[in-house]
Structures are given as structure tokens and as C-alpha cells.
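Residue-level structural notes
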Amino acid sequence: MKGVRLSKGARAGALLFGFAALIGLLIFGVAGYLRTSPPTVSVGASSSGSVNLVMQTDGAVGVGPHPSWVGYFVQDASGAWHQTTLIQLPQNTDVHVTLYEYDSGGNLRNSVWSQVAGTTGGVAYINGAAESVVNPNTNTGNGIAHTFNVPALGINVPMYGVSGSAKNFCNTGPCNTSQAHNTITFTFHTGGAGTYRWQCFVPCGLGYLEGNGGPMQSLGYMAGFLKVV
Amino acid sequence: MAIDFSQETKSGSSGASAHKSSIFQPSIITGMVGGGLGFLFGHWAGNAIAGGYQQVVGSGSNDAAIVLGYLFAVVGWFAGLGALNYPLKKMLGFEPENVEHTSDPGWGKYFRYTTDHKVVGVQYLFGMLVYFFTAGLLALAIRTELLSPVHHIWGPDTYLEIVGEHGTMMMMMMTSVVLGPFGNYVIPLMIGSKKVAFPRLEAASFWFTPISYFILLSALWQGGFQSGWTSYAPLSVQQGVGQDGYIFGFGLQGLSMICAGTNIVVTIINYRAPGMTWGRLNVMGWSMVSLGFTMILSVPVLIDGLYVLALDRTAQTSLLYGPHGGSSFLWENLFWFFGHPEVYLLAIPGFGMVAEIVPVFARKPVFGYKTAAAGMIGLAILSFFVWQHHLFQSGMNPDMRPLFMLTTELISIPTGFIYLVGMGTLWRARIRLTVPMLFMLGVYFNFLFGGVTGVYVSDVPINVTVHGSFFVMAHFHYTIMGGVIFAFFGAIYYYTPLVTGFQLSEKLGKIHFWSMIIAFNSTFLPLFAVGLLGQPRRVFEYAARLQTLNDWVSISSYVLGLSLTFFVVTWMWQIVVTRKKSVRDPWSSRSLEWHVDSYPPPAYNFETIPVVVAGPYEYADPDALPMADIVVANAGRDVARENVR
Amino acid sequence: MARFVLEDSRSEEAGKSALVKILSVWAVVSIIGMALVWFVLGPHLAPGTMTDQAQGAQFDIKFVSTLVVPVLLFVWFFFGYSIMKWRVRPGEDGTLPAANLSGNSKAQGAWYVITTTLVLGLAAFGTYFLIAPAGAGGGEGASPIWTPGTTKLLQVQVIAQQWRFTYRWPQFGGMETTGIELPVNTEIEFNVTSLDVIHDFWAYQLGVKADANPDYNNVAYTKTLATGRFTVRCDELCGIWHGAMYNYGTVVSQQQFEQWATNMEQQNASVTKLLPKYSLTYTPSYSGAGGGYYNTSVDPNANL
């Protein structure tokens with residue numbers, strides 16, 4: 001560069017090129033990183049006026065940038081599993097939820113989340129048996145793996161964990177029903193349109209202080225939205 | 001202007017050797033290579049050491065590897081820049097060439113580790129602008145999310161990462177935004193010195209900033225940190241590896257501040273020209289001394305806090321975690337013991353700049369010169385006794401609150417001095433409303449809102465309502481952006497002729513000023529109301545009734561962004577493309593920096609050390625002598641006068 | 001060069017008459033402005049009048065806002081007048097000297113005295129209105145020193161966790177609820193704590209704000225004066241759902257409250273049994289709930 005005298009036109013060109021490159025970099029940064037998001041799985045209305053939502057919770061999702069993190073898979077209409085926590089639901093509809101729980105469990109940080117709330121009848125069916133309060137200390141000994149909690153809809157459904165030493169324990173997602181699991185079913189009503197956040201209240205972010213980092217603070221794992229439209 | 005003082009340099013020979021091996025000559029490129037290699041080594045070492053830790057296996061990410069990677073990246077960066085060559089050779093008993101003090105005419109020197117304070121000043125100017133605009137874009141991203149109370153542009157996790165990056169980057173950059181470009185560039189000229197006291201420390205202070213920028217920004221690509229610029233523990237202990245970018249980025253900026261502060265203080269104390277008594281020192285000089293001392297005394301506490309946080313995150317110590325004997329209050333206090341002096345060390349150089357520039361355009365001495373100096377020193381001292389006002393609602397020892405309320409309100413007194421000085425200087429003055437002057441008046445206008453709302457925030461009963469809300473956010477944006485950033489832009493307009501040799505358009509500058517001050521106030525004034533009406537900071541959902549105000553603010557912020565873009569484009573265009581030559585002393589300043597041999601000034605500033613015989617502000621005395629009898633090649637004060645309307 | 005003579009417009013006399021003008025206009029406009037803030041804006045200021053603490057905060061904000069009016073106006077008028085009167089008009093030489101005025105001991109002295117008096121007055125004002133209303137609704141830490149003069153307090157424990165508030169009622173069998181209702185005309189003692197990171201309990205309309213710290217109890221007082229809905233928001237950044245960590249509560253009649261609390265106590269009986277014994281702080285067990293960050297062998301609950 002030393003001693004080189006650029007003409008005025010060349011300097012103008014170089015400057016404009018510089019500005020253009022900056023704008024390009026910016027668009028790349030925003031579109032390529034900041035706007036990336038897990039997919040949204042849409043659950044359409046069925047003829048009966050209610051919809052079925054099928055999800056699974058896995059101890060390790062096995063895919064993506066954090067394969068060892070705990071997370072959810074949601075089944076779409078064609079039966080394919082997507083690792084996401086963004087779910088689109090129709091408004092004012094009963095949603096029948098089937099949750100396959102493949103993860104091992106532990107204690108709640110706050111036992112108040114042992115109570116089933118916000119579901120039809122105030123109960124959830126755990127492997128077919130209706131329960132309104134699950135006791136993390138006295139169940140099969142496998143603790144509570146996760147809770148499905150939607151604060152704005154008042155929903156809280158705790159899920160028993162499976163034994164971490166089970167022979168057919170699912171180590172990496174997506175899991176299938178031949179592996180050790182608990183099946184939790186419940187129904188809730190979506191109410192009006194809106195975007196409702198949901199989360200888990202079991203500190204399941206392994207390796208993070210108080211279990212609340214990592215997957216607990218990332219969309220697509222243990223934090224998500226119900227988009228009711 | 002081929003000046004060779006041959007004091008300690010052989011710039012001619014270094015220029016020759018530079019031509020020989022330009023690829024392998026240390027520069028930003030070799031620095032990046034060194035940094036990359038260092039990171040890889042550190043990352044490997046971290047995995048070797050901590051790969052088997054329970055926490056690492058569980059989370060699938062290794063903070064020790066990242067931290068060690070950053071540590072060695074810094075070493076590699078400085079080695080690659082060639083910063084270690086001279087001191088190492090010296091230590092080994094050689095007599096190395098001082099190749100770093102270069103007066104090459106080309107642009108190459110701006111991309112190398114150089115010890116000319118003017119090169120460092122220009123490097124800082126561009127570095128700080130990059131910081132400011134990156135963080136400014138992040139601010140627009142925040143405002144875009146807040147266009148709607150329920151609809152989300154970003155994920156809530158990404159939103160908080162943006163918030164944290166914006167805050168941290170701005171707070172890092174603001175500490176150096178006046179000291180870096182203008183303190184380094186102008187102070188030696190102002191005090192009649194050929195160089196600064198510690199040129200290598202000064203160069204290091206700059207070269208810490210690009211790597212801290214990259215490390216901080218890289219956090220975004222590693223999941224960011226959702227803990228904001230305050231990064232309260234234990235949330236910051238809980239975060240993923242992005243938090244390490246915060247720790248390291250902020251820590252390096254801290255080291256930069258210590259280097260820069262030490263250099264500027266020692267330079268002003270020891271390198272003043274004969275006759276440049278403390279009573280003649282420019283107010284800007286006083287502000288830099290106050291600033292330097294504040295930095296040297298407060299920043300080590302930040303670095304200590306960051307070190308504690310890094311230990312908790314990598315070695316699972318529990319200094320900030322209650323159940324194992326630590327305390328989350330420890331971080332709050334360490335952080336704010338730095339954090340509150342920090343906000344004054346942002347304000348002080350802004351005030352210095354204002355008090356420096358206003359007399360030039362008022363043709364009057366600084367009103368109450370001693371009051372101005374006392375105000376800045378008072379701010380610097382008191383700033384160490386107010387930090388717990390950030391913790392009024394934290395559950396701290398309750399009877400400490402009246403004490404910290406008192407000290408915080410006392411700090412209004414030295415701040416008031418700055419207003420007294422400004423108002424007195426404008427009284428019966430001859431006010432030229434040039435672009436730099438408009439920006440300085442803008443500082444007074446904006447800071448006033450920041451100042452009076454400071455009374456609300458410091459009053460504990462009112463603090464119950466406003467703490468942690470947008471009210472506080474608006475308050476400190478008024479003091480920092482309304483104060484120091486307006487001073488910064490005014491200083492750019494003021495010093496561009498000196499630094500580049502080119503004159504800027506008054507008309508374009510005025511368009512920038514008016515659009516910026518209107519958009520700025522339109523952005524931040526409504527936020528006081530938003531805060532009082534109950535909107536907490538850093539939220540992605542807010543009450544629907546506040547949408548109109550938030551939308552108004554967001555749209556104003558886009559206008560503000562456009563105004564700043566207008567500045568970048570027109571300013572760069574004028575110094576790169578049109579390049580209208582500036583006349584000598586375009587503002588008719590008495591201060592020494594304008595009376596050098598050429599614009600930009602020659603490598604060693606003055607041919608002979610000037611002997612100062614008068615003060616810098618004797619504008620109103622028709623018989624006043626020039627500050628010093630400087631022999632200049634083409635003395636043209638009359639030419640300069642014609643230029644000024 | 002001819003001796004420079006300063007124009008009349010920049011003379012000392014011109015300055016004196018300018019000062020008189022500024023001060024007289026300032027005094028009139030200030031009085032009007034202060035009256036407007038006090039009487040017109042004042043009753044609408046945050047955070048309302050639902051509790052004694054909210055009323056107190058509203059009074060404090062009104063008082064300071066009223067004081068701010070003359071300060072703002074003084075600086076504006078002073079700057080505005082100076083710029084208008086003494087700016088350089090087109091065609092004038094802007095580099096000529098102006099008044100050689102490097103200080104004025106009277107003006108400076110008056111400034112020091114006035115600002116110091118104002119500042120000390122404000123500090124005294126703030127201290128009085130912090131102590132008299134029992135901490136003004138702010139978190140006073142584990143051992144509050146300014147308490148309400150009654151022992152008839154409704155105790156509400158606020159438990160913050162990532163990312164919800166729950167409320168525990170020691171006077172109602174230690175039950176824990178996700179909602180909050182409060183009786184009117186009752187002195188409330190909030191005991192605020194956290195199970196994980198630092199949160200902040202901000203009950204806007206109640207005039208209460210207290211950080212929720214882990215392993216620490218932070219006490220705040222308020223007395224409800226009117227019924228109505230209030231908002232609770234988290235006011236200290238606590239991670240991904242910080243912005244969504246809010247709920248609404250209601251102040252109801254004492255009778256309605258008794259009914260609500262009794263109902264809740266019955267409804268929650270089976271969960272209440274599972275809760276840890278009521279305490280001012282809680283340290284959740286590590287077994288499964290610690291995230292495995294620290295080794296389970298150092299579970300702080302192990303030796304309890």
C-alpha cells in the first residue's frame with residue numbers, strides 16, 4: 001500500500017465496496033445465526049374438534065449441535081419426529097397429549113410441581129393410571145424426569161422417570177417404544193390465540209449449576225412455545 | 001517534514017527492512033495467526049486437563065478448554081503482532097531496533113503494533129467506531145423485538161444474548177472512547193511532549209481491544225451469555241461457554257484500561273513541557289488524570305471478580321455459590337465496586353472534552369478553571385463510595401442504604417460544577433455554533449436529563465419503583481450516550497482536521513447533529529415513562545398497554561441508526577474520497593496541539609520542545625501571548641481566520 | 001493594531017440585565033410548572049395508591065419531579081438565552097475576544113451553597129421517607145431494622161425459581177400456591193427468597209420490590225389499602241424466561257381472602273405434605289436436583 005496514490009474514483013469505489021461488504025456481513029450474521037430457530041410442528045384440527053399431540057422426552061437428543069443434551073421430540077402429522085419445542089395448535093380446542101418419557105428422573109427443586117394442574121379433570125394418566133399428585137419420593141424410585149409446564153394456561157404435568165440402569169434404556173434420541181419408557185397422557189384446552197411459553201421444572205440440564213442451564217435455557221430442548229392460532 | 005530526532009529510533013532503516021519481508025513482518029495478520037494457534041493449543045490443553053470432569057462430561061462442553069484457549073490466544077496474538085520481540089531481546093541483553101515507532105507514510109502502520117501515540121490514537125478511533133456500530137446494531141435488534149409485546153422476532157434465548165452483547169460491548173467500549181482516540185492522540189500534543197511515557201503500554205492497550213472484541217463477539221456463536229453485562233452470579237456460573245467470552249473479553253478490556261490509564265497519568269505528570277504548569281494544563285488534561293487514576297484503582301477489582309467467576313466456572317470452586325460457603329453478594333459487590341466508578345470514568349472524559357472545546361467557540365476562558373478541575377477530581381473520588389446504590393433492593397445490610405443514598409446524592413455537587421463551568425463560559429461569550437460546539441451543547445442538554453433522573457434513582461424510596469426498570473435504562477443512556485457519545489462525535493468533528501489534515505463539511509455535520517439529537521431524545525425520553533409504568537429491563541414480553549410507547553421508541557431508534565449511518569458514510573467519504581485540505585488551526589484554538597508543523601503532526605510532534613508562557617484559554621485577552629513560541633513552517637493564522645465565518 | 005473594545009451587548013451591564021430577565025421569567029414559569037406537576041400530573045404518577053408504600057412512592061416521585069422543574073428550566077433558560085443573545089451572526093468575526101470573565105466568586109459561591117443545600121436536603125428527605133414507612137417497600141434483607149408498628153401481619157413467602165414465582169403461606173398450614181391473593185387493609189410481610197439464581201419480586205402496584213437471593217431471606221412490608229389487580233414481575237435478569245416470569249395477583253376483601261385461602265389449603269393438602277418444612281430459605285437436595293455441577297458427595301443437605 002505504501003506510496004500508492006489511488007485516484008479519487010478508485011477511492012470512492014473501494015469505500016463503496018467496503019460498505020457493501022459490511023452490509024453483506026451483517027445480513028449473513030442475522031440470517032445465518034440470529035434468526036435460526038428450531039422448526040415449528042403444526043398440529044391441525046381433526047374432525048372430532050380435538051387434536052392429538054404426540055411428544056417424547058429423551059435423555060440425550062442425539063442430534064444437532066448438542067447431542068448429549070436432554071430434549072423433546074414432537075411428532076408431525078406424517079408421523080415423523082422433529083427435535084423441537086415449538087408447537088402450533090388450534091385455538092379453543094381440546095389437545096390430547098401423549099408423552100413418551102424415556103429419561104431417568106430425580107427430585108424437583110420445588111415439590112409443589114408434583115401436582116398435576118390445568119388438565120381436564122386435573123389428572124394425567126401415567127401408564128394408564130390416573131394421578132393428580134405424583135410423589136417424587138415414594139414412586140418406583142426413579143424420581144421425576146420432567147414436567148410439562150405452561151404457566152399462562154396453568155398446566156403442570158410431572159412425568160415419572162425410568163430407571164437409568166434399565167437394560168433397554170434409550171441413550172440417544174429419537175427413541176422408540178421398544179425401549180424403557182413411561183407413557184403419560186392428558187388433555188388440555190388451548191383457549192384463545194396467543195404465544196404461550198412452556199418449560200420443565202425438573203433441573204435436568206446435566207452439568208449446569210442447579211441443572212437449570214444448557215438445555216433448560218435453549219429453545220428446542222427444554223424451553224418452548226405453544227403457538228395457539 | 002523529514003524529521004529524525006534520532007532520539008531512540010532509526011525509522012529510516014526500519015522502513016527499509018519492512019520492504020524486504022512484508023508478509024512475515026509482524027502485523028494484524030500474523031497476530032491473528034498467532035492467536036488462532038494459541039487458541040488451538042489452549043483448547044487442547046483444556047481438554048487434556050478437564051475433559052474427564054463430571055461437569056464437563058455431563059454438559060458436553062468444556063469451559064476450561066475455552067478459557068485456556070482464550071488465554072493462549074492472547075499470548076499468540078501479541079507474539080504474532082511482534083509485541084514481545086523488543087522486550088524479549090532487551091531482556092536477553094541485545095540492543096534491538098525500535099522498529100515499532102514508525103513514521104512510514106503508508107497505511108501499513110495502522111495494522112501493526114506501533115508506538116507512535118498518534119498512530120495508536122487513530123487505531124483506537126477506528127476500533128472504537130467498530131465497537132460502537134456493532135453494539136449499536138445489536139441495540140436495533142433489541143428494539144426490533146420490542147416492537148410487539150407478544151410477537152417475537154428472536155428466540156427469548158437469542159434475545160438475551162443480544163442484550164448481553166450490546167450492554168457488555170458498549171460498556172467496554174465507552175471506557176476508552178475518549179481516552180483511546182483523543183487522550184492518546186491529543187494529550188501529548190496538548191502538553192507539548194514529543195511522546196508518551198510508556199509507548200509500549202499504550203500500544204498494548206489498543207491491541208487488547210481487537211482481540212477482546214472478537215472474543216466477546218465469538219460468544220454469540222457459542223450460545224452467548226444470557227446474563228447481561230452485569231452477569232450476576234450464580235446465573236453467570238450456570239451459563240454455557242458463551243459466558244467465558246464475556247469473562248475474557250471484559251477482562252482484556254480491563255487490562256487495556258489499566259495500561260492506558262497508567263500511561264496517560266504518567267505522561268501528564270512527567271511529560272509536560274517547560275512552563276506547562278498544573279494551572280495551565282488543559283481541562284482535558286485534568287479529566288484524563290482523574291480518569292486514569294479511577295481506572296487504575298477500580299479496574300483491578302473487576303478483573304478480580306472475573307477471575308473468581310472463571311474459577312467457579314472452570315474449576316467448580318464455589319466462591320459465588322451459597323450452599324458451599326460462597327456468596328452471590330460477593331460478585332455483586334466486586335462488580336459494582338468497579339461498575340460504579342466505571343460509569344463516572346465514562347462521564348469524566350466527556351466533561352473534559354466539553355470544557356475543552358466550549359471556550360474555543362465562546363472566545364472566553366474556562367469559567368472557574370479550578371472548579372472544573374475540582375469537579376472532575378471530585379467525581380473521581382466520590383465515585384468509589386457509591387457502588388451499593390445498585391443494590392438498594394438486594395437485601396444488603398439495610399442501614400447502609402441511607403449512607404449510600406447520601407454519597408450518591410453528594411456526587412451531584414461535582415457534576416453540578418460542570419454545569420456551572422459551562423454556563424459561566426457561555427455568559428457574555430461570542431458563541432460560534434460550529435458542529436463541534438453543537439455537539440458539546442448537546443452534551444449539556446442530554447446530560448441534564450440523565451442528571452436529574454439520577455436523583456430519582458438514588459433516592460431509596462423511589463428506587464423501589466424504578467430499580468431494574470426502563471427508567472434506569474433511560475437514565476444511564478442519557479448520561480452515557482447523551483453525554484460521552486455526543487462528546488465523542490463532537491471531538492471527531494473537532495479533531496478530524498488535525499488527525500487527517502482534511503476539513504469536514506459544516507452542513508453535513510449539522511444534518512448529522514440535528515438528526516442525532518432529535519432521534520436520541522425521541523428514543524430515550526419516552527423510556528422514562530415506560531419504566532415508571534412498570535416495564536422491567538431485559539424483557540422480551542411486556543404489557544400490551546405499553547406497546548405504543550415502545551413502538552415510538554423503536555422507530556426513533558431506527559432514525560437514530562440512520563443518523564449514525566449518515567455520519568459514517570459522509571465522514572468516511574470526506575476523509576477518503578473528497579479530501580478537502582484543512583487550513584492551519586481551523587478553529588482558532590490557542591491550545592498547543594493545533595500549532596504543530598503539519599496536519600497530521602510529524603512523527604515526534606514538535607521540532608523542539610515548546611516553552612509554555614501562557615494558558616490555553618486566554619481568548620478574551622486581546623494582548624495574550626500565544627501559549628508557546630512555536631516555529632512553524634507556514635504560519636498562517638490569517639488564512640485560518642478567513643475560513644471561519 | 002487598534003485596541004480591541006468589547007461591544008456593549010457583552011458588557012457587564014448587559015450581563016446584569018440579562019440575568020434579571022432570565023431569573024424573573026424563570027421564577028414565573030417555574031411556579032406554573034411546579035404547580036402543574038404537583039396538582040395535575042402528580043395524582044397520576046406511578047405506582048398508584050393501592051398500598052401505603054405505593055402511595056408513599058407516588059408522593060416521593062411527585063415531590064422530586066416538582067423540584068426538578070425549576071432545575072431543568074434554570075439550565076434551559078440560561079443556555080437558551082446565552083446562545084440566542086451571544087451567538088455569532090453571519091458576517092461577524094467569531095474569533096474576536098469575548099468578555100474576559102474567568103470566574104465570579106459570588107456566582108460560584110452561590111452555586112456551591114445552593115447545590116449543596118439541595119443535595120443534602122434531598123438526602124434527608126429520602127432518608128426520612130425510607131425509615132418512616134418501614135423501608136418504603138424495598139427489600140430490607142434478612143433482619144429488617146425498620147418495621148411496621150404492628151405484629152398483626154400476614155406473612156407471604158415469595159419463592160422465586162427459574163422461571164416462576166410461587167407463594168407460601170405459613171399462617172395457612174404452610175401451603176404453597178402458584179397464584180397470590182391478598183386481603184385489603186392488611187399489613188403484609190413478604191419474605192422473598194430464591195431456589196436458584198437471583199430474581200427480583202416486583203409487585204408494581206403494591207410498591208414492593210425485593211431481590212430474591214438464593215439461601216437468603218429478603219423482607220419487605222406493605223399495607224394494602226384498596227382492592228384490585230396487581231402485576232408481579234421478575235426484575236433481575238434470571239435467564240431465558242426472565243421476560244415471561246410474571247403473574248397477576250388480586251387484593252380482595254378480607255372475607256374473600258379467608259375463603260380463598262381456606263379453599264386453597266384444602267385443595268393443596270396432598271401437595272403440602274410433600275413440601276419441605278416451612279423455612280425462610282431452602283437449599284434443594286443435590287440428588288437429581290443439583291444438575292451434577294458439583295459432585296453429589298458434597299450435597300449441602302447431606303449433613304443436615
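Residues numbered from 1 in each chain as written. Chains lettered and ligands numbered in written order. Predicted model: local features only at pLDDT ≥ 70, side-chain atom pairs only at ≥ 80, totals over all residues. Heavy atoms only, no water.

1. A closer look at the side chain of A:Thr119
All names here are of chain A. In this structure, Thr119 sits in the loop between strand S6 (94-101) and strand S7 (124-126). Note on Thr119: relative accessible area 9%, which makes it buried. When near neighbours in sequence (up to four residues on either side) are disregarded, Thr119 contacts Val157, Phe186 and Thr187. (Helix = DSSP H or I, 4+ residues; strand = E, 2+ residues; numbered from the N terminus. Buried < 20%, exposed > 50% of the residue type's maximum accessible area, 1.4 Å probe, protein only. Contact = heavy atoms within 4.5 Å.)

2. A look at the sheet that holds strand S4 (residues 81-82) of chain A
Residue and element names in this part refer to chain A. What the seven strands build is an open sheet, ordered S4-S3-S2-S6-S11-S7-S8; its pairing is mixed. Where the open sheet ends on each side, the last strands, each with one partner, are S4 and strand S8 (129-131). Pairing of S6 with strand S11 (residues 182-189), which is carried by eight bridges, proceeds in the antiparallel orientation. Looking at the pairing, Glu101 lines up with Asn182 of S11. (Pairing = 2+ DSSP bridges.)

3. Looking at the sheet that holds strand S1 (residues 153-161) of chain C
Residues and elements named next belong to chain C. Pairing is mixed in the open sheet, where five strands are placed in the order S3-S2-S1-S5-S8. Both edges of this open sheet fall to strand S3 (175-177) and strand S8 (218-223), since each of them pairs with a single strand only. On average, each strand axis in the sheet is inclined to that of its neighbour by 25°, with strand direction left out of account. Alignment of S1 against strand S5 (residues 187-194), held across eight bridges, turns out to be parallel. Of the residues in S5, the one forming a bridge with Ala160 is Ser194. Contacting S1, strand S2 (164-169) and S3, helix H4 (residues 254-267) runs over the sheet at an angle of about 105° to S3. (Axes fitted to C-alpha atoms, helices over the stretch in contact; angles between N-to-C directions.)

4. Examining the domain arrangement of chain B
All names here are of chain B. Domain boundaries assigned for chain B yield domain 1 (24-96) and domain 2 (114-578). Taken over C-alpha atoms, the centre of domain 1 sits 30 Å from the centre of domain 2. Taken together, the contacts link 17 residues of domain 1 with 18 residues of domain 2. Interface area, domain 1 with domain 2, both sides summed: about 1,600 Å², of which 75% is carbon and sulfur. Sorting the residues of domain 1 by area buried against domain 2 places Asp63, Tyr70 and Trp77 first, and these three jointly supply 36% of that buried surface. For the pair domain 1 and domain 2, the interface holds one salt bridge. Between Asp63 and Arg313 there is a salt bridge whose closest N-O contact spans 2.7 Å. (Domains from an automatic or database assignment. Buried area = accessible area lost by both parts, 1.4 Å probe. Salt bridge = Lys/Arg side-chain N within 4 Å of Asp/Glu carboxyl O.)

5. Describing the side chain of B:Thr114
Note on placement: B:Thr114 falls in the loop between helix H5 (85-91) and helix H6 (117-145). Not counting chain neighbours up to four residues away, the residues in contact with B:Thr114 comprise B:Glu100, B:Thr102, B:Lys109, B:Val119, B:Val120, B:Gln123, B:Ala203 and B:Trp207.

6. Let's talk about the nonpolar core
Membership of the largest hydrophobic core comes to 330 residues, with the highest contact counts inside it found for A:Phe148, B:Ile485, C:Trp169, C:Leu182 and C:Phe190. A total of 21 residues in this core trace back to one element, the largest contributor, which is helix H19 (residues 470-500) of chain B. Formed by five residues, the second largest nonpolar core is a distinct cluster that contains A:Val61, A:Trp69, A:Phe73 and A:Tyr208. (Core = buried A, V, L, I, M, F, W, Y, C linked by side-chain atoms within 4.5 Å.)

7. As for helix H1 (residues 8-34) of chain A
With 27 residues, H1(A) should reach 39 Å at 1.5 Å per residue; the first-to-last C-alpha distance of 38 Å fits that figure. Within the span of H1(A), buried status applies to A:Arg11, A:Ala12, A:Leu15, A:Phe19, A:Gly29, A:Tyr33 and A:Leu34. (Expected span 1.5 Å × (residues − 1).)

8. Regarding the interface of chain C and chain A
With 32 residues of chain C at the interface, the matching set in chain A holds 36 residues. Here chain C packs against chain A, burying approximately 2,700 Å² in sum over the two surfaces, 57% of which is carbon and sulfur. Three residues, C:Arg164, C:Trp241 and C:Leu274, lead the burial of chain C against chain A; their summed loss comes to 26% of the area buried on that side. Summed over the shared surface of chain C and chain A, the result is zero salt bridges. Looking at the side of chain C that touches chain A, the elements with two or more residues in it are S1, S2 and helix H5 (269-272) of chain C. When grouped by side-chain class, the residues that make up the side of chain C that touches chain A number 15 nonpolar, 14 polar and three charged. (Nonpolar A, V, L, I, M, F, W, Y, C, P; charged D, E, K, R; others polar.)

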